[in-house]
Amino acid sequence: MNSHQYGLIDAHVTDPVDDRPSIIRAESEAHIGMGKRYGRITREEFRDADFVIATLWADVSVQRYQPQTDGE
């Protein structure tokens, strides 16, 4: 169930992010990116959104705030 008590059809889990400020930035960036392409219904719901594109926005947003390591 999501926060509005609707059953989920599909779900996606991103890689973990280490600190709360980075988590907030990544989540916000994903929502902003989705809002540019799809009509917003609520903060986390977008009209006629494509699941694959939503997961890409989430993954890219998380990757931007992951700690950078040498050699990987």
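Everything here concerns the structure above.
Residues numbered from 1 in each chain as written. Predicted model: local features only at pLDDT ≥ 70, side-chain atom pairs only at ≥ 80, totals over all residues. Heavy atoms only, no water.

**Student:** Give a detailed account of the overall build of the protein chain, specifying residues and quantitative values.
**Tutor:** If you tally the helices and strands in the protein chain, you get 2 helices and 2 strands. Shown N-terminal to C-terminal, the secondary structure of the protein chain runs as helices and strands in the order α-β-β-α. Across the 72 residues of the protein chain, 22% fall into the buried class. The contacts of the protein chain with a sequence gap of at least 6 include a subset with a gap of at least 24, amounting to 52%. (Helix = DSSP H or I, 4+ residues; strand = E, 2+ residues; numbered from the N terminus. Buried < 20%, exposed > 50% of the residue type's maximum accessible area, 1.4 Å probe, protein only. Contact = heavy atoms within 4.5 Å.)

**Student:** Tell me what's going on with helix H1 (residues 20–37), and back it up with residues and numbers.
**Tutor:** With 18 residues, H1 should reach 26 Å at 1.5 Å per residue; the first-to-last C-alpha distance of 26 Å fits that figure. Those residues of H1 that are buried lie in contact with strand E1 (39–42), strand E2 (45–47) and helix H2 (51–64). (Expected span 1.5 Å × (residues − 1).)

**Student:** Could you give an account of the pairing of E1, naming the residues involved and the relevant values?
**Tutor:** Where E1 and E2 come together, 3 bridges link them in antiparallel fashion. Residue pairing in the sheet places Arg-40 in a bridge with Phe-46 of E2. Hairpin connection from E1 to E2: 2 residues lie between these consecutive antiparallel strands. (Pairing = 2+ DSSP bridges.)

Don't take any of this as a statement about function, it's just geometry.
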